[in-house]
Amino acid sequence: MHPIPASSHRAAHDHEIESLAEFDAVVAEHGSLARFRVQAVDLTGRTDVLLRLATTGAVFLGCPMDPGAAAHVAAAGALVFPPVPGLPFDPYRAFAYTPDELFDSLAEGYEATPDARAYAWFQRTKADGDVFASMLRAIHDDAVSDALDELLVGDRVVGVMGGHAMARGTAAYAGAARLGRALTRAGFTVATGGGPGAMEAANLGAYAAPFADDMLEDALRLLAKAPSFRPSVTDWARAAFEVRERWPGGGASVGIPTWFYGHEPPNAFAAHIGKYFANATREDGLLARSTAGVVFLPGAAGTVQEIFDNATPNYYESRGEPTPMVLVDDGHWTRELPAWPLLRSLARGRAMESRIALVDRIEQAAEALKRLGG
């Protein structure tokens, strides 16, 4: 993932201002805020600027500001959407989440973290059927999508899909971690569903990419003391942060989880986390952003769904040229959950036929992806 220069970022994203530094740069360069979109920037210290500059057609999304300044810019032709008090999340956020942000207060137990509190809010408001709450969820998810689009500009993204049940300390988990490391070292950006199991393993591998090979083996041993997020998410997450503290500055990857599956906490190894309330938006966005292909590790219903969610646009070429799809574990995908025969039948005679592969071992996945054009 590569930082986008402020100038090209604004040109590409409709004059968005997403930080105080960007705000000051726009003021210095343009001397006007007209038609800019200011997103989740604390402007309480910029009252003098807001009172003297043109703001016609500007939109302020969740920006704290002096009440007088808010009234002034609105009267001058701006739209002001004020911050929403009492929420455990910011619906107007400008950037992807970080593990430190979602797991803040983990020392008090997972239930005290922003991640757990956002899920509790989701459950409560979903049951109420409150249209205001559903609007806030939709705004939040759109903001997350915008943040991911900006984050991944120019990256070759490979999705790694797999189930949450894959336990730390197993050979399968270690293999998924080595796959994530190999893909990252090959210059790809690894993107996963952002949860536990196979997803965490691939993000862990990406995190381990800058270090010597023995770092990953040591990390796997440390993590094995808390094999699963059940029965304790707190213990599971603390083990991950112990690895991060021992080896700071790991490689970057992306996790795209959802609060829809509240039993699946996000993992701490994805540097950038795009967490959604709406699982359908999350699923489609994860696969659509995997522009260099997708590797499907053994999983259950969710992974089967992802295979065919990805196969459909490849079949119709609705996103352009089909992207590579690599299924791992012959026995799993031909006998236990026979997705491969159906996928192969769908692909027959179409452009996607040369972009699908089934491999038996995870060590073969990266080479298969390369062979298919990833």
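Everything here concerns the structure above.
Treat the numbers as computed from the prediction; the structure is a model and nothing was measured.

(A) Just the overall build of the protein, in detail. The helix and strand inventory of the protein stands at 16 helices and eleven strands. Expected size for 374 residues packed as a compact globule is a radius of gyration near 21 Å; at 22 Å, the protein falls within 12% of this value. Looking at the protein residue by residue over its 374 residues, the buried ones come to 53%. Partitioning the intrachain contacts of the protein with sequence separation of at least 6 by distance along the chain shows that 62% fall at a separation of at least 24. Summed over all atoms, the accessible surface of the protein reaches about 15600 Å², with 55% contributed by carbon and sulfur. Across the protein, the centroid of the 33 positively charged side chains sits 4 Å from that of the 46 negatively charged ones.

(B) Molecular detail of the environment of Thr192. Within the element layout of this structure, Thr192 appears in strand β6 (residues 189-192). The class for Thr192 is buried, based on a relative accessible area of 0%. The residues contacting Thr192, other than those within four sequence positions of it, are Val160, Met199, Ala202, Asn203, Val254, Gly255, Ile256, Asn267 and Leu286.

(C) Region of interest: helix α6 (residues 114-128). Its 15 residues give α6 an end-to-end C-alpha distance of 21 Å, which sits within 8% of 21 Å, the value for a rise of 1.5 Å per residue. Along α6, the residues that are buried comprise Pro114, Asp115, Ala116, Ala118, Trp121, Phe122 and Thr125. A positive backbone phi angle near 70 degrees is found at Gly129, which sits one or two residues after α6.

(D) Expanded view of the packing of aromatic side chains. Using the criterion set out here, one finds 13 aromatic pairs in the structure. Seen in terms of ring centroids, Phe260 and Tyr261 are 5.3 Å apart; in terms of plane orientation they differ by 70 degrees. Their pairing is edge-to-face. Judged by relative accessible area, Phe260 falls into the partly exposed class, the value being 43%. For Tyr261, a relative accessible area of 25% puts it in the partly exposed group. Between Tyr315 and Tyr316 the ring centres are 4.9 Å apart and the planes differ by 80 degrees, which places this aromatic pair in the edge-to-face class. Residue Tyr315 is classed as partly exposed on the basis of its relative accessible area of 25%. Given a relative accessible area of 59%, Tyr316 falls into the exposed group. Here the aromatic cluster, defined as three or more aromatic residues joined through ring pairs, consists of Phe89, Tyr97, Trp121, Phe122, Trp259 and Phe277. The lysine or arginine in question, Arg93, covers the ring of Tyr97, its NZ or CZ lying 3.7 Å from the ring centre. Over the face of the ring belonging to Tyr315 we find Arg350, whose NZ or CZ atom lies 3.8 Å from the ring centre.

(E) The arrangement of the sheet that holds strand β2 (residues 37-39) in detail. Spatially, the four strands line up as an open sheet ordered β1-β2-β3-β4, and their pairing is parallel. Whereas interior strands pair on both sides, the edge strands pair on one side only; in this sheet they are β1 (16-17) and β4 (79-81).

Here is what the cut-offs are and how they apply
- Residue numbering note: each chain is counted from 1, following its sequence as written.
- Side-chain atom pairs in this predicted model are given and counted only at pLDDT of 80 or more, local residue features only at pLDDT of at least 70, and totals for whole chains, interfaces and linings cover all residues.
- Note: side-chain values were computed over all heavy atoms of the structure, leaving out hydrogens and water.
- In DSSP terms, a helix is any run of H or I states spanning at least four residues, a strand is any run of E spanning at least two, and both are numbered starting from the N terminus.
- Atoms counted for the radius of gyration: C-alpha only. Globule rule: 2.2 Å times the number of residues to the power 0.38.
- The classification of residues rests on relative accessible area computed with a 1.4 Å probe and restricted to protein chains. Under 20% of the type maximum is buried, over 50% is exposed, and intermediate values are partly exposed.
- Residue contacts are defined here by distance: any two heavy atoms, one from each residue, within 4.5 Å place the two residues in contact.
- Exposure was quantified through the Shrake-Rupley algorithm and a 1.4 Å probe, taking into account, for residues, occlusion by the shown protein chains and nothing else.
- Neither His nor the chain ends is counted toward charge; the positive residues are Lys and Arg and the negative residues Asp and Glu.
- Just so you know, the charge point we use is NZ for Lys, CZ for Arg, CG for Asp and CD for Glu.
- Multiply 1.5 Å by the residue count of a helix minus one, and that product is the helix's expected span.
- Pairing of aromatic rings covers Phe, Tyr and Trp, the last through its six-membered ring, and needs centres within 6.5 Å; plane angles under 30 degrees mean stacked, over 60 mean edge-to-face, and all others mean tilted.
- Only lysine NZ and arginine CZ atoms are considered, and such an atom sits over a ring when it is within 6 Å of the ring centre and within 35 degrees of the ring normal.
- Each pair of strands is called paired provided DSSP finds at least two bridges between the two strands.

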